[in-house]
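The lines below spell out each chain.
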Amino acid sequence: MEGFMYPNEVELQWSVLIVLYPFLTGLVAGAFILASLERVFRVEEVKPTYRLALLTALAFLIVAPMPLQLHLGHPERSLEMYLTPHRTSAMAMFGFVYLWYLMAVLLLEIWLDYRRDIVLMQRSTTGTKRLLYKVLSLGSDNISEAALRVDDRVGWVITIVGIPSAFMLHGYVGFIFGSVKANPWWSTPLMPVVFLFSAMVSGIALVLLTYMATCAFRRASIDMNCLDTIAKYLFYTFVIDFTLEMLDLIHRIYEADESFRSLDFMLHTRLFMSQIVLQIFVGTLVPLTLLALTQVSRLSELARKRVYAVAASLTIIGIFAMRWNVVIGGQLFSKSFLGYTTYKLEFVAREGLLPAVLLLILPFVILYVLIKILPPWQHDAGDAVHLTSSVEPES
Amino acid sequence: MPPAAQPAPGTGGEEMNLTRRQLLVLLPAAAAAWEFVKAGTPEDAPSYKTDEHWWGMLLDITKCIGCGSCVRACALENDVPEGYFRTWVEEYHVDDWHIETPMVTSPNGGKDGFPQGSFTGGKNFFVPKLCNHCVDSPCTQVCPVGATYHTPDGVVLIDYDYCLGCRYCIQACPYGCRFFHPQKHTAEKCTLCYHRISKGLTTACCENCPTGARQLADLKNPKDPIHAFLKTHTVQVLKPHLATGSKTFYNGLDGSVR
Amino acid sequence: MSTRFKDSAHLIRIGVVFLLGALVFVAVRAAIIPESYGQFGPYRGKALTNMTSRPVKYAGHEVCENCHPDVTDAKSKGVHAHVNCESCHGPLAKHADDPAAVQPVLPETPKLCMRCHSENIAKPSGFPQINAAEHSGGQDCKTCHQPHSPLLELGGKK
């Protein structure tokens, strides 16, 4: 501890697990937005990643509440948030936003998009697999052209609803921090917007990397048109995100309110590595430059693949650093603006580094399982996925 | 009145009268309440009506001697775990006109008093701190389940059997008065000794303050001497720009206090 | 009409699943929501009544004065008139409850007295503060001062 802190402030309240939570929900929102690019805005080039993006979103959404449960003093009481939600609490309302997004948007959209494949797989498998697909199909066998048209229409509506829902999902997390007037590092109306755009950046980067990885595992060729388009959207979204973060910074420096001197000192000492080096330089400026390079100059396919992979990886690290800097950074300084503390991150502890790393790996394990059950590649890219001529006649 | 028994300069000389008036107000209530305390019944004092009270506290910086009696008394009365503080005392040193950069210390929350220290000159004083029992408290606003709440008589309390331990309230409090209880695994803070004030007693900290720097205030009681004090003295609250509706009023609070 | 219904039948099924889920939620909520929730506000009313029933540890000076009028009298004439009993003697509700069974432990005077009276620049200037070594060469305060009425000029001499 350095300087003066209120005696109860020395210990940090929100750990690396709470850093993980906005990171994971951000990936969900970002992956979904990328998927909706094709569905609603008819960006046909990214169609090969449509289903993959949805499954990725689902895998991360399932894991998202887990760091919270590990963090709670009484996880067995967490149901109270649904029983007696306090209407003025952003955290309580978020429980319903999460539930809405999981049930009414993501699961529904995946089900409608995959329904035909589920029924086909139910018909072509045996034993427990068949039972699984029968349950997933809810016993419905109808995959006639008319039925699939209905699915398509409803799915389109759900995606339309899903875009603001995805914005809410992650904007709310930003609001949870941005609405805390006691903490000047968090308290800004820009917080939900910054969180949302950084979420989109991280989600798009994740889908880009996952697409490249799954193509490599399947030994399938990467659709460069698709990859180039994803990278383009990544670049543009990143420019907006960076602009917003710089706007926040410039405002703070210019207005220099009572907290500024303390926050400035913290930034130059305790947060130097994580914010200036990792988040701004390595995690933002370098990937932006790399992506800009691919936009302005002609690079070979191999060069582009390499640049995209590096840029996307650095982006994800940078966005994780941003979450770290917000959550941990907001607790390193005293609300008296006269002192600082340190975050002691243990390795093997309930809220330590090990559970955090495991929780970062888990979504990929779940994604693997999801891909096995609901393969995104029944059809090649370019096929009309939603309306197909190879429909079986009704029995 | 003997010279040394006179109150410190600036307090207006009403110190002795305050104590007598307090006795007049509290003694019959205490006598009645004590019966229940002795009987050890689990029921709340039946004669206590929440709508007849609106609790606050007056902290007189000109009287605080930094003895830490309040911190110790609170810890004993409320089983406060070591290293955490429902109330604490800070010592300020302000050099000349530099009110934006005071030197502040609070060794173990002031629990064992303060060492002599090496400051010379400047302005030096003690500031006791506790939960401000805000009317528009940001902490109750953010609690997701209603585990921290306002009582009808203006005290902010925590429901230890309902709290999830999410710690959002601890983040939302601008005054740093909340902490995470290491054994209960819930949020914890000053309760204004609700179990005492609802029985007609005063809080443990006010009871044990030797100079009357801390005084419980019942803002709904027309006979409460605090009303007169508030009318005749300049009082402030902490962080007024956050509009929390703090009900802990400070007499003689310097601009340097954070 | 019937054919269209047939092609949307699967939507009905999932609608039913969601509806069932909602009904289960409502039923579970009604069953396990705490009874006293909402009694006084958006919280469990029982929590408020639980809070008032905690036992007290400090009896309060009026209770002490009931049984110890001699000390009260001596104190009221001196400068420690409004230093409450338990401020020095510690929490004594148990003693008040059963005086014979629970005997209060008398505090160690030098350490106790110096907590208030050791000199510190932040203390109000009118407040009596001393440096123990300079004042009495480190002797026990009780050598010269009567704790209940300590000022020597008032006759608080031992």
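For the structure, see preceding data.
Residues numbered from 1 in each chain as written. Chains lettered and ligands numbered in written order. Predicted model: local features only at pLDDT ≥ 70, side-chain atom pairs only at ≥ 80, totals over all residues.

**A word on the overall build of chain B**
For chain B, the helix and strand inventory stands at 7 helices and 11 strands. Expressed as a percentage of its 258 residues, the buried residues of chain B come to 55%. In chain B, of all internal contacts separated by at least 6 residues, the share reaching a separation of at least 24 is 67%. (Helix = DSSP H or I, 4+ residues; strand = E, 2+ residues; numbered from the N terminus. Buried ≥ 20, exposed ≤ 12 C-beta atoms within 10 Å, placed from the backbone. Contact = placed C-beta atoms within 7 Å.)

**Observations concerning the sheet that holds strand 9 (residues 214–218) of chain B**
Residues and elements named next belong to chain B. Spatial ordering of the open sheet is given by 9-1-11-10, a layout of 4 strands whose pairing is mixed. Strands with a single pairing partner mark the edges of an open sheet, and in this sheet they are strand 9 and strand 10 (235–236). In the sheet, strand 1 (residues 55–60) pairs with strand 11 (residues 248–251) via 4 bridges, with the strands oriented parallel. By the bridge assignment for strand 11, D60 is matched with N251. (Pairing = 2+ DSSP bridges.)

**Considerations on the interface of chain B and chain C**
Taken together, the contact between chain B and chain C spans 56 residues of the former and 42 residues of the latter. Looking at the side of chain B that touches chain C, the elements with two or more residues in it are helix 1 (15–39), helix 2 (69–78), strand 4 (123–130), strand 5 (148–150), helix 5 (194–197) and helix 6 (204–208) of chain B. Per element, the largest residue contribution to the side of chain B that touches chain C is 7 residues, and it comes from helix 1 of chain B. In terms of residue class, the side of chain B that touches chain C is built from 28 nonpolar, 18 polar and 10 charged. (Nonpolar A, V, L, I, M, F, W, Y, C, P; charged D, E, K, R; others polar.)

**A short note on the packing of helix 1 (residues 16–39) of chain A against helix 8 (residues 191–218) of chain A**
A pair of packed helices is captured by two measures, namely the crossing angle of their axes and the spacing between those axes. All names here are of chain A. At a closest axis distance of 6 Å, the pairing of helix 1 and helix 8 adopts a crossing angle of 70 degrees. Relative to helix 8, the element helix 1 lies roughly perpendicular. Facing helix 1, whose interface residues are P22, G26, L27, A29, G30, A31, I33 and L34, helix 8 presents F195, S198, A199, M200, V201, S202, G203, I204, L206 and V207. By residue class, the composition of the contact of helix 1 with helix 8 is 13 nonpolar, 5 polar and no charged. (Axes fitted to C-alpha atoms, helices over the stretch in contact; angles between N-to-C directions. Parallel < 35°, antiparallel > 145°, perpendicular 65-115°, else oblique.)

**Here's the deal with the interface of chain B and chain A**
Chain B puts 35 residues into the contact, and the matching count from chain A is 29 residues. Sorting elements by how many residues they give to the side of chain B that touches chain A places helix 4 (residues 168–172) of chain B first, with 4 residues. Class assignment of the residues belonging to the side of chain B that touches chain A gives a composition of 22 nonpolar, 10 polar and 3 charged.

**Here we look at the pairing of strand 9 of chain B**
All names here are of chain B. Counting buried positions over the 5 residues of strand 9 gives 4, a clear majority of the element. Relative to strand 9, strand 1 runs antiparallel, the two sharing 5 bridges. Note that in strand 9 the partner of M57 across the bridge is L216.

**Things to note about the environment of G339 of chain A**
Residues and elements named next belong to chain A. Examined against the element boundaries, G339 turns out to sit in strand 2 (residues 339–340). Residues G339 and M1 lie 338 residues apart in sequence; the distance between their C-alpha atoms is 7.4 Å. Apart from the residues within four sequence positions on either side, G339 is in contact with M1, E2, G3, F4, M5 and S334.

**Side note on the sheet that holds strand 2 (residues 87–94) of chain B**
Residue and element names in this part refer to chain B. One open sheet accounts for 3 strands, arranged 3-2-4; its pairing is antiparallel. Each of the sheet's edge strands pairs with one partner strand only, and the pair in question is strand 3 (103–105) and strand 4. Sheet twist, expressed as the average angle between the axes of neighbouring strands with direction ignored, equals 25 degrees. As paired strands, strand 2 and strand 4 are joined by 8 bridges and run antiparallel to one another. Paired with E91 across the two strands is F126, which belongs to strand 4. Contacts from helix 2 reach strand 2 and strand 4, with the element oriented near 160 degrees to strand 2.

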